[in-house]
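Structure assessment
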Amino acid sequence: MSFLPDERGAELRALFFESAGELLQTINDAGLQLEKRPADEELIRSLRRAIHTLKGDSAACGFSKLSEIAHELEDILSAQIGLSHGQQLAEVVLSAVDTFESMLTAYQKHAEPPTPAPLRTLIQQLLQSSQGAQPSTKSPAGSIPARFDWSEYERLMISEALLRGDNVFNIALRIDPNSSMRAAAFQLIRNVLHTCGTVIALRPEDNLAAASVEIVEASISSKHPIEHISHRCQIPAVVSEVRIEAAEHAETSEHELLGDLLEAQAAQISSRAAENSGPAPSNQGNSSSAVAAVSESSLRVDAARIDAVMNLVGELIIGKSMLHRTLTEFDVHHARDPVRGKLAEALAFQSRVLDELHKCVLKIRMVPVEQLFRRFPRVVRDIAKLCGKDVALEVSGEHTDLDKGILDALSEPLTHLVRNAVDHGIEPADERLSAGKPARGTISLNAHHQGTQVIIEIRDDGRGIDLHNIREHAIRNGLIKLEDATRLPDQDVMNLIFEPGFSTASEVTEVSGRGVGMDVVRTVLDRLKGTVHVTSSRSKGTTIQLRVPLTLASIQTLLFRVGGRLFAVPLSAVVEISRIQDQEIHKVDQREVLRLRDQILTLVRLDQLNRIHPVEIPNNTKKKRNFVVVIGIAEKRFGLVVDSMVGEEELVIKALPGEIVSSDLVSGASILGDGTVVLILNVPAILSRLSRSLPLGAIA
């Protein structure tokens, strides 16, 4: 294994690893399609292009082992092998994706890559199987009656190709007499000829005429040797005999004139190249320029650079807030000063530009969720195969945009949910048929915007979640007491699946059963300031809904004070604000509750939660009136008791290290224009803390 030593080499490798990930996803997608369309010539060509690119790029970076095994894989990608051994070829391609991925991971860590010997064995086995399926005898030249009677124009094209130095072959192929669909056989032959080189002449010329023809004649210009073309043309069950011979120069005055013209043109191009030290203009050059222009219209930028710009925009927003406060103070003392109007206009202009800049930077960070959804057809296919089930995946809303950081964080929890849907949700085929369902199960992935959030749904049409089974396992595992199980609402019972270590699997398998995964989902969603909600119906299926913010860079918040500290909550989570009397607060099961119209709200006092302490000593005289901020997430409601309201403001979120804030109830902080630090509450964490202690009582 060798690496390029200079800085240029490091940049090249970084670019290679980024593009290699995209190539692997392309190869993976093509491998899945190959299972359905093994003889699709265009699909195999696109697959060869991706592997050829990976082979060349890895060789340029010094990753010889990866380049060599990619070259071996490229050699077996042909329409003949796809037609005769389609499923085996698809398995080899998908195994290659896993091998390439593990090798790339090792290269990124500057470690020795794992040996590709298992993949090489699969390739050799496929080659041996395909060679055994090829016709064992070759037809001698001349055994197929063929005239190769080309038109004058076609003979001119053949002469031009020969004068360029290309190999030109006349080919005759006899269609297998047992073939019942001559038109389809002709189409396959034509596709193979196009992969061997440039088709100059072809008889017959269309599928309609091929219906009554036994022999197909063609003339092709190719860089490949005659052995390669002969091997490609021996299509099992389609071609019974092949005849190939080299084309000859035509000795006519027209062809001699063509040769003279081509030689003169070549001399003219050479002289121009010598004078200008650059490529001569040609149609091919123009095409390359167009491709280069398209390529240069897009730019790869490291995510860290965008984050740095986002931080600077955040500082500008804080500066804007400082200017607003300064202008307000200026108004108080110099209300009639003529400079005041000019300052207000300048500040309004700066605010508009800054808002547009903020939106543009946010859009740069946005990527379609398709980047996340693309990996799941392979996940569903592998898990379904491992479990012996027939499962289809339906994807919609893949063009929904989401912050790149949030998208990357959702990868692991979404993978857990899809794997569980296949393993736990979808029933075996016999069970589905006995229940009146189709044998094939369906899992749906959907994404869409809703306000300032993105909703991602994972839905299956399986057996659903058995709440009675969950209650029994929760009691057995000590998660809840027997007396609490009966009065626990169904939704709270459903949420027990997110508790650490909880699993209803009867045995531990390669897929699931260890109780690891669903608690990771809730943990990640809490960290992203999102929520997860489960609905299920017996024998009809389960829907899991993930709600995450569009971005974590900035949010609209409601500011308030508790115990001298300034706090904020996302405005999207605020249902209403109310003022209450002390006598309206009651205690039930050692918890303060409030009857607000037709609902009973659990009240939360931030200064009484762990590791959040007031900075002011409360007065002995108790206030008679309190503000209550009603917070709502999904169907849950609770009330925050606060001392005073400050107002609404857009905040730029700054993540805080653990040594500064040790409470999980605070998700970040921000700085106001006057330099005041405001703590942003992690509402899902507060709700989770309440749910784990006692039921929240009645909810709206």
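Residues numbered from 1 in each chain as written. Predicted model: local features only at pLDDT ≥ 70, side-chain atom pairs only at ≥ 80, totals over all residues. Heavy atoms only, no water.

1. Here we look at the packing of aromatic side chains
Scanning the entire structure with this criterion turns up 6 aromatic pairs. On the basis of an interplanar angle of 35 degrees and a centroid distance of 6.0 Å, the ring pair of Phe-148 and Trp-150 is categorised as tilted. Plain terms: the ring middles of Phe-560 and Phe-567 are 6.3 Å apart, the flat faces sit at 25 degrees to each other, and that makes the pair stacked. Note on Phe-560: relative accessible area 0%, which makes it buried. Clustering of aromatic rings is evident, with ring pairs tying together Phe-16, Phe-17, Phe-63 and Tyr-107. The aromatic ring of Phe-627 is capped on one face by Arg-579, whose charged end is 4.3 Å from the ring centroid. (Phe/Tyr/Trp six-rings, centres within 6.5 Å; stacked < 30°, edge-to-face > 60°. Buried < 20%, exposed > 50% of the residue type's maximum accessible area, 1.4 Å probe, protein only. Lys NZ or Arg CZ within 6 Å of the ring centre and 35° of its normal.)

2. Points about unusual backbone geometry
Of note, the amide linkage connecting Arg-203 to Pro-204 takes the cis form, showing an omega dihedral of -5 degrees. Residue position: Pro-204 is located in the loop between β2 (198-203) and α9 (207-210). Its identity as a non-glycine residue notwithstanding, His-110 has a phi of 55 degrees, on the positive side. Relative to the helices and strands, His-110 is located in the loop between α5 (86-108) and α6 (117-133). (Helix = DSSP H or I, 4+ residues; strand = E, 2+ residues; numbered from the N terminus.)

3. Considerations on the packing of helix α3 (residues 64-75) against α5
Packed helices, taken two at a time, are described by the angle between their axes plus the distance between the axes. Orientation of α3 relative to α5, taken along the N-to-C sense of each, is 170 degrees, at an axis distance of 10 Å. By the criterion of interaxial angle, the relationship of α3 to α5 is roughly antiparallel. Contacts from Ser-64, Lys-65, Leu-66, Ile-69, Ala-70 and Leu-73 in α3 reach Val-92, Ala-96, Phe-100, Met-103, Leu-104 and Tyr-107 in α5. Residue classes in the contact of α3 with α5 are distributed as 10 nonpolar, 1 polar and 1 charged. (Axes fitted to C-alpha atoms, helices over the stretch in contact; angles between N-to-C directions. Parallel < 35°, antiparallel > 145°, perpendicular 65-115°, else oblique. Contact = heavy atoms within 4.5 Å. Nonpolar A, V, L, I, M, F, W, Y, C, P; charged D, E, K, R; others polar.)

4. Regarding the sheet that holds strand β6 (residues 391-396)
The strand order across the open sheet built from 5 strands is β6-β8-β9-β11-β10, with neighbouring strands paired in mixed fashion. Two strands close off the open sheet at either side, each with one partner strand: β6 and β10 (531-537). Each strand axis lies, on average, 15 degrees off the axis of its neighbour in the sheet, ignoring direction. When β10 meets strand β11 (residues 541-549), the two strands line up antiparallel, connected through 7 bridges. Each residue of the ladder has a partner; that of Val-534, found in β11, is Ile-544. This element, helix α16 (residues 376-387), spans β6 and β8 (441-450) of the sheet and lies at about 165 degrees to β6. Across the sheet, helix α18 (residues 411-425) is in contact with β6, β8, β9 (453-460) and β11; its angle to β9 comes to roughly 20 degrees. (Pairing = 2+ DSSP bridges.)

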